[in-house]
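Chain by chain, the residues:
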Amino acid sequence: MASLSSNPSKKAMRSPGGSTGSQTTRNSSGQTVKFARRTSSGRYVSLSREDLDMSGEISGDYMNYTVHIPPTPDNQPMDTSVAVKAEEQYVSNSLFTGGFNSVTRAHLMDKVIESEVNHPQMAGAKGSACSMPACDGKVMKDERGADITPCDCRFKICRDCYLDAQKESGLCPGCKELYKTSEYDDDLTGDYSSGTLQLPAPDDSKGDRRMSMMKRNQTGEFDHNRWLFETKGTYGYGNAFWPHEDDIYGERDEGFHGGIMDSIDKPWKPLSRKLPIPAAIISPYRLLVLVRLVALGFFLSWRVKHPNEDAVWLWAMSVVCEIWFAFSWILDQIPKLCPINRSTDLQVLRDKFDMPSPSNPTGRSDLPGVDLFVSTADPDKEPPLVTANTILSILAIDYPVEKLACYISDDGGALLTFEAMAEAASFADLWVPFCRKHDIEPRNPESYFSLKVDPTKNKSRTDFVKDRRRIKREYDEFKVRINGLPDSIRRRSEAFNAREEMKMMKHLRESGADPLEPIKVPKATWMADGTHWPGTWTIPSSEHSKGDHAGILQVMLKPPSSDPLMGSSEDKMIDFTDVDIRLPMFVYVSREKRPGYDHNKKAGAMNSLVRASAVLSNGPFILNLDCDHYIYNCQAIREGMCFMMDRGGENICYIQFPQRFEGIDPSDRYANHNTVFFDGNMRALDGVQGPVYVGTGCMFRRFALYGFDPPQADKIATHTTNSETETLKASDFDPDLDMHLLPKRFGNSTMLAESIPIAEFQGRPLADHPAVKYGRPPGALRVPREPLDATTVAEAVSVISCWYEDKTEWGDRVGWIYGSVTEDVVTGYRMHNRGWHSVYCITKRDAFRGSAPINLTDRLHQVLRWATGSVEIFFSRNNALLGSSRLKLLQRLAYLNVGIYPFTSMFLIVYCFLPALSLFSGYFIVQTLNVTFLVYLLIITICLISLAILEVKWSGVGLEEWWRNEQFWLISGTSAHLAAVMQGLLKVIAGIEISFTLTSKSAGDDVDDIYADLYLVKWTSLMIPPIVIAMVNIIAIAVAFSRTIYSTVPQWSKLIGGAFFSFWVLAHLYPFAKGLMGRRGKTPTIVFVWSGLIAITLSLLWIAISPPKGTSTSQGDGGGGGFQFP
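Throughout this document, residue positions are counted from 1 along each chain, in the order its sequence is written. In view of the model being predicted, local features appear only for residues whose pLDDT reaches at least 70, and side-chain atom pairs are presented and counted only at 80 or more, with totals across whole chains, interfaces and linings using the full set of residues. Hydrogens and water molecules were not included; the side-chain quantities draw on all heavy atoms of the structure.

## Regarding the overall build of the protein
Part 1 of the argument: Where helices and strands are cited, they refer to DSSP runs of H or I of at least four residues and of E of at least two residues respectively, numbered from the N terminus. When helices and strands are tallied, the protein shows 34 helices and 22 strands.
Part 2 of the argument: Residue exposure (1.4 Å probe, protein chains only): buried if accessible area is under 20% of the type maximum, exposed if over 50%, otherwise partly exposed. Taking all 1126 residues of the protein together, 56% fall into the buried category.
Part 3 of the argument: Of the roughly 48,100 Å² of accessible surface on the protein, 57% is carried by carbon and sulfur atoms. Methods summary: accessible areas were calculated by the Shrake-Rupley approach with a probe of 1.4 Å, and residue burial reflects only the protein chains presented.

Written out as structure tokens, the structure reads:
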């Protein structure tokens, strides 16, 4: 490895003094195009009206404007700059490392994985060897993987030797002639190999040119069509100039030729619509909410005024619990008053952004870029094969390839994850074109090949069966390679470590050292190219452990070309003729970790990806997924983009998709699908200010993640002349933000700061309608993406260092928010608190699917983590009671419920004991079961049932799913929620943190059962409260029944009343009891010993404190003097 310079060569890297180690920033090119300019970060931003020369002369911006010729068999798109190609190839073949107090280094890798790599975009792709003596580099390649020979003599030369030859003499080492570099310059006049032609300046002598420049259309924009008509220009790419054939090959006349092509103005159509719930459902639903609210008020008033004088303690406990339940119900129910549905129109989206038109003859997409984040931390807990399948589903998504960039965050820094991702990128060479060719769904290979339906359904191509068979075989081999990676890495590392030990022994013998002295050779983990892995080693060592390693960044797949690259029948084992074989950009990132730094878990990893992606690709939208959540609907991003690009989309901070799960048992014993929340609560919040952020399956607006308020077009318009076409500064969005204080908020990266207004501008909807007050002009995003260079990647490495966030607002205002285990809810709350809106996007075909724990203990621990985060939110400044005035009332109630719901457990667990206490004592919560109490109870119950039925109607949730949710609400409320409250209180009051861990495991023997985890019984202390509740209620029923049977005057009404509520509790705990039984009742004995002991102790204690009353008959008459067991 060597330190990185501006244009490092291989020779300089190999020599000790060949590099200075300094990092330079990219210089401004000065190039400008119409309505766009290149900044020092190398990206294009819109020019303001003031930047255009309105003095009567057409500025140089128009002279530099180019048009693109559609690709034809004779004119395939290709980059003509050898230097650019060489630099990009160097970047994609280098592993970049760096961090705190260390030099950023680029390690050129000739081999990334053991298997052969074929795709030309991928790091380590095979290629011809350099012809220079003593050089083992590879020849530069184009998009198809063909060798690039910069000289006519076809002398094969690698990137580093080519740069050295250019610097030294400019002579080709093969023919000794000067390189004809002009043939490869991008800006050479008359070079049309890239499909671009320069626009000649119009005749400056025409006096009416000044007036035509001032023309505006109905949206206030510059009217391109009118300008072209008056200049008699021909309509081409970007409302520019389409020259005649004579102009290309002959002498060019001054002025414009030809006439304008008539444009077809299509009527404006919205991209999305709100679909209100039918009045026949929502009106009765709201009425019943009001009726139940009034009934609860009268009922609680009656309960308070009519205490049970015989058992005041029982009455008081029940009344307090009932008042809290009513309050909790209000917090949960009131935000559900405004549910809505939404629909999208994907065809309108294609027509607006992707279809060829007179101004866009090539059909290049005008959609904004999207960066996709996948996070993983431990390959032992998160299998690499699962993560690899998620990556493959992302790379195959239906979205413009050049607009996508996928980032994998490996927070464990494991070589196993790195090589698994490289294998996935290699397999994508076949899988992605196969999906495009045959329109495959889902595009996760494991899920696709596991489908139980006919794979040939709706497939019409005759070669589908043959292609599928080949892909299936390749995928099986891919899985075997992934599964064999741990053993392969271990054997490779052992072999290299043994070689190092032999070298050390030889050195000791030659130096005459003591042969008995132990040899100290670190047990390193080795990469496929025979070098040390800079991340976590299998046997941890200093600077090579999970919490102590350098930052790592590898561009697995370099950015694709801006135009389609069609496959052929000879390139691959499958005929991909007329199929685009490009792959999206794919980057492996492992942020730097050092002892003594708080790395903030997943939130810190996400913020590192935000910064790295801003430097590398800067997509204005970010979609984050867990490693086990894959894309099930390849149109998912387009569905979300319909909302972001629609009228009013500039105020949307994120699009939340519902979570859907696979592998759940058919009965959904523990409510893993959580449909009541995802289809009920979230759909209802969509009608208020938007759904909460739930951690995965969410598409963010990057600008909102930066901590800015939503744009206010009216206020911004007072400072600028035309906000629709102007790129603003950061201070225009936040008046309190001084441009000189940008490093304090975002860090000291200049590239990151410069990317912020670009991302904001590119994320605006189209200004194609008078009602769009804050948009961008059509066609602004058709400019090709700048290729990567080493300096840019080095900057990306610096922003993922452990020190970068020091003394900045990352995690406090910017990015994912720190300080809670449920950072997702807090992050969404902060955005809503600033006035942003969010949207809930339910697609006909599930957008994403993932896995969920079906084991009881795992499910309880999952709920415990969520509830603990809610308690932390309640005791923090993120409490909704402290929210700003921009947070709507119903949204505030919903967020308040998020922080309060765990505290319901304290009242719930008391209420679950009340039936047993009633049965033990012989008293009930009311003095007598009079008509008033029963009428109130009947009204409340009927309202509850009616509300459940109507909620099922508008949300689409099944009654069985609703009942499962009710059951697990009680199970979690008496276990995980109670533990979360205790843990939160101890942390806030005493600073003590408690972790509830697994201590024992019992499993079934059937390993072939896909639901085997359902029957695992893993003991945890969270199980104690529900078990005690169940056993106390069972014992109470038995005691009360026995007492009633043997009583002289049996009081059946009290028995029935108490037993009914006990059975209500036990019915809710039924799934919990089944989980304890496992498959064959293999429950740990300790469960029954502890629970039975506590239940019997409580029962005997109660009888000792309040013994049963004796009957009225005397002992002399033969009556019993008290209660006796039968």
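## Comments concerning unusual backbone geometry
Part 1 of the argument: In this structure, the amide linkage connecting Glu441 to the following residue, Pro442, adopts the cis form with an omega of -10 degrees.
Part 2 of the argument: Looking at where Pro442 falls in the secondary structure, it is placed in the loop between α12 (415-438) and α13 (445-449).
Part 3 of the argument: Non-glycine residue Asn618 carries a positive phi angle of around 55 degrees.
Part 4 of the argument: On the basis of relative accessibility, which here comes to 2%, the residue Asn618 falls in the buried class.

## Remarks on a nonpolar patch on the surface
Part 1 of the argument: A surface patch of nonpolar side chains, about 770 Å² in accessible area, is lined by Leu287, Leu290, Val291, Leu293, Val294, Phe298, Val931, Val935 and Ile939.
Part 2 of the argument: At the level of elements, α8 (279-305) and α28 (931-955) are the ones that each hand at least two residues to the nonpolar patch.
Part 3 of the argument: Counting residues per element, the nonpolar patch draws most heavily on α8, at six residues.
Part 4 of the argument: By the element assignment, Val291 lies in helix α8. Patches in this entry comprise residues that are over 30% relatively accessible and not in a salt bridge; like charges within 9 Å are linked, as are nonpolar side chains (Val, Leu, Ile, Met, Phe, Trp, Tyr) within 5 Å. The salt bridge definition used is simple: a Lys or Arg side-chain nitrogen within 4 Å of an Asp or Glu carboxyl oxygen.

## As for the side chain of His549
Part 1 of the argument: As for its position among the elements, His549 is in the loop between α14 (464-511) and β12 (551-557).
Part 2 of the argument: Residues are treated as being in contact if the distance between any of their heavy atoms lies within 4.5 Å. Sequence-distant contacts of His549, defined by excluding residues within four places in its chain, comprise Asp411, Gly412, Gly413, Pro534, Gly535, Thr536, Glu543, Ser590, Arg591, Glu592, Lys593 and Arg594.

## Section: the pattern of salt bridges
Part 1 of the argument: In this structure the tally under the stated criterion is 44 salt bridges.
Part 2 of the argument: Glu951 is the salt-bridge partner of Lys336, the closest N and O atoms lying 3.0 Å from each other. You can see Lys336 sitting in the loop between α9 (312-333) and β9 (340-344) and its partner Glu951 sitting in helix α28, a full 615 residues away along the chain. Comparing Lys336 with Glu951 shows no difference in burial state: the two are buried.

## Some points on the packing of helix α10 (residues 346-353) against helix α16 (residues 636-644)
Part 1 of the argument: The N-to-C vectors of α10 and α16 enclose an angle of 75 degrees; their axes lie 10 Å apart at closest approach. Taken together, the axes of α10 and α16 are roughly perpendicular relative to one another. From α10, Leu346, Leu349 and Arg350 reach across to α16, where they touch Arg638, Glu639, Met641 and Cys642. To obtain each axis, a line is fitted to C-alpha atoms, and for helices this fit is confined to the stretch in contact; angles are then taken between N-to-C directions over 0 to 180 degrees. Note that the term roughly parallel is reserved for angles under 35 degrees, roughly antiparallel for angles over 145, roughly perpendicular for angles of 65 to 115, and oblique for everything else.

## Considering the nonpolar core
Part 1 of the argument: Buried Ala, Val, Leu, Ile, Met, Phe, Trp, Tyr and Cys residues form a nonpolar core when they are joined through side-chain atoms within 4.5 Å. Among the nonpolar cores identified, the biggest contains 151 residues, and Tyr407, Leu553, Leu616, Phe700, Tyr706 and Phe746 are the most heavily contacted of them.
Part 2 of the argument: In terms of nonpolar packing, the next biggest core, distinct from the first, is built from 87 residues, Leu385, Phe434, Ala636 and Ile655 among them.

## Notes on the confidence of the model for the protein
Part 1 of the argument: Per-residue confidence for the protein averages 78 on the pLDDT scale, and 74% of its residues sit at or above 70.
Part 2 of the argument: Low pLDDT, under 50, characterises residues 181-222; the stretch is placed with 100 contacts to residues that sit more than four places away or in other chains. pLDDT is a residue-level measure of predictor confidence that goes from 0 to 100.

## With respect to the pairing of strand β6 (residues 102-108)
Along any regular strand the residues' side chains alternate between the sheet's two faces.
Part 1 of the argument: A pair of strands is labelled paired if DSSP reports no fewer than 2 bridges between them. Relative to β6, strand β5 (residues 94-99) runs antiparallel, the two sharing five bridges. If you follow Thr97 over to β6, its bridge partner there is Arg105.
Part 2 of the argument: Hairpin remark: β5 followed by β6, antiparallel, with two residues in the connecting loop; positive phi at Asn101, about 60 degrees.

## Structural notes on the sheet that holds strand β14 (residues 621-626)
Part 1 of the argument: Pairing within the open sheet is mixed, and its ten strands lie in the order β6-β5-β12-β13-β11-β10-β14-β18-β16-β19. Edge positions in the sheet fall to β6 and β19 (837-840), since each of these pairs with one other strand and no more. For this sheet the average axis-to-axis angle between neighbouring strands, irrespective of direction, equals 20 degrees.
Part 2 of the argument: Examined bridge by bridge, β5 and β12 share four bridges and lie antiparallel to one another. The partner of Leu95 across the bridge, within β12, is Gln554.
Part 3 of the argument: Docked against the sheet, helix α23 (residues 790-798) engages β5, β6 and β12, running at close to 40 degrees with respect to β5.
Part 4 of the argument: Strand contacts of helix α24 (residues 823-833): β16 (652-656), β18 (698-701) and β19, with the helix running at about 145 degrees to β16, the strand carrying the most contacts.

## Looking at the packing of aromatic side chains
Ring pairs (aromatic) are described by centroid distance and by the angle formed between their planes.
Part 1 of the argument: Here the aromatic set is Phe, Tyr and Trp, taking the six-membered ring for Trp, and pairing holds for ring centres within 6.5 Å; pairs whose planes are under 30 degrees apart are stacked, those over 60 apart are edge-to-face, and all others are tilted. Applying the stated criterion across every chain yields a total of 41 aromatic pairs.
Part 2 of the argument: Relative to Phe903, the ring of Phe875 lies with its centre 6.0 Å away and its plane at 75 degrees, an arrangement referred to as edge-to-face. Within this pair, whereas Phe875 is found in the loop between α25 (856-874) and α26 (889-900), its partner Phe903 is found in the loop between α26 and α27 (904-921), the two being separated by 28 residues in sequence.
Part 3 of the argument: Residue classification places Phe875 among the partly exposed positions, given a relative accessible area of 37%.
Part 4 of the argument: In this structure Phe903 comes out as buried when scored by relative accessible area, which is 9%.
Part 5 of the argument: Directly above the aromatic system of Trp329 lies the positively charged group of Arg292, at a separation of 4.8 Å from the ring centroid.
Part 6 of the argument: Counting as a charge over the ring demands two things of the Lys NZ or Arg CZ atom: a distance within 6 Å of the ring centre and an angle within 35 degrees of the ring normal. We note Arg845 situated over the ring of Tyr632; from NZ or CZ to the ring centre the distance is 4.0 Å.

## Regarding the sheet that holds strand β20 (residues 848-851)
Part 1 of the argument: In space, the three strands of this open sheet follow the order β15-β20-β17, with mixed pairing throughout. Two strands in the sheet have a free side with no partner beyond their single neighbour: β15 (630-631) and β17 (661-662).
Part 2 of the argument: Bridging between β15 and β20 involves two bridges; their strand directions are antiparallel. Bridge pairing links Tyr630 to Arg849 in β20.

## Description of α24
Part 1 of the argument: Most of α24 is tucked away, with eleven of its eleven residues classed as buried.
Part 2 of the argument: Buried within α24 are the following residues: Glu823, Asp824, Val825, Val826, Thr827, Gly828, Tyr829, Arg830, Met831, His832 and Asn833.
Part 3 of the argument: One or two residues past the end of α24 sits Gly835, with phi positive at roughly 105 degrees.

## Brief notes about the side chain of Glu650
Part 1 of the argument: Within the fold, Glu650 resides in the loop between α16 and β16.
Part 2 of the argument: His is not counted here, nor are the chain ends, while Lys and Arg score as positive and Asp and Glu score as negative. Although buried, Glu650 forms no salt bridge, and the nearest oppositely charged side chain, Arg701, lies 6.4 Å from it.
Part 3 of the argument: Dropping the residues within four chain positions of it, Glu650 is found in contact with Met644, Arg701, Pro711, Pro765, Tyr774 and Trp836.

## Focus on the environment of Ser562
Part 1 of the argument: Summarising the element assignment, Ser562 is placed in the loop between β12 and β13 (585-590).
Part 2 of the argument: Ser562 gets classed as partly exposed once you look at its relative accessible area, which sits at 21%.
Part 3 of the argument: Aside from chain neighbours lying at most four places away, what touches Ser562 is Arg364, Glu402, Arg582 and Pro784.
Part 4 of the argument: Any N or O atom pair separated by 3.5 Å or less is treated as a polar contact, with the protein-specific requirement of one donor-capable and one acceptor-capable atom, and with residues adjacent in sequence counted only for side-chain atom pairs. In terms of polar contacts, Ser562 uses its side chain to reach the side chain of Arg364, at 3.4 Å.

## Things to note about the packing of α27 against helix α29 (residues 959-973)
Part 1 of the argument: Where α27 contacts α29, the two axes come as close as 9 Å, and the packing angle between them is 100 degrees. For the element pair α27 / α29, the angle class is roughly perpendicular. The segment α27 lies against α29, with Thr904, Ser905, Leu908 and Cys912 engaging Trp969, Leu970 and Gly973.
Part 2 of the argument: In this classification, the charged set is Asp, Glu, Lys and Arg, the nonpolar set is Ala, Val, Leu, Ile, Met, Phe, Trp, Tyr, Cys and Pro, and all remaining amino acids, among them Gly, are polar. For the contact of α27 with α29, the class distribution of residues is four nonpolar, three polar and no charged.

## Observations concerning the state of the cysteines
Part 1 of the argument: Our working definition of a disulfide is a cysteine sulfur pair at a distance within 2.5 Å. Tallied over the full model, the rule gives zero disulfides.
Part 2 of the argument: Free cysteine: Cys151, not disulfide-bonded; nearest cysteine sulfur from Cys175 at 3.4 Å.
Part 3 of the argument: For Cys151, a relative accessible area of 7% translates into the label buried.

## A closer look at the pairing of β5
Part 1 of the argument: The buried count for β5 comes to six of six residues, which makes it a mostly enclosed element.
Part 2 of the argument: Every second residue of β5 is oriented toward a common face, with Ser94, Phe96 and Gly98 on one face and Leu95, Thr97 and Gly99 on the other, all of them buried.

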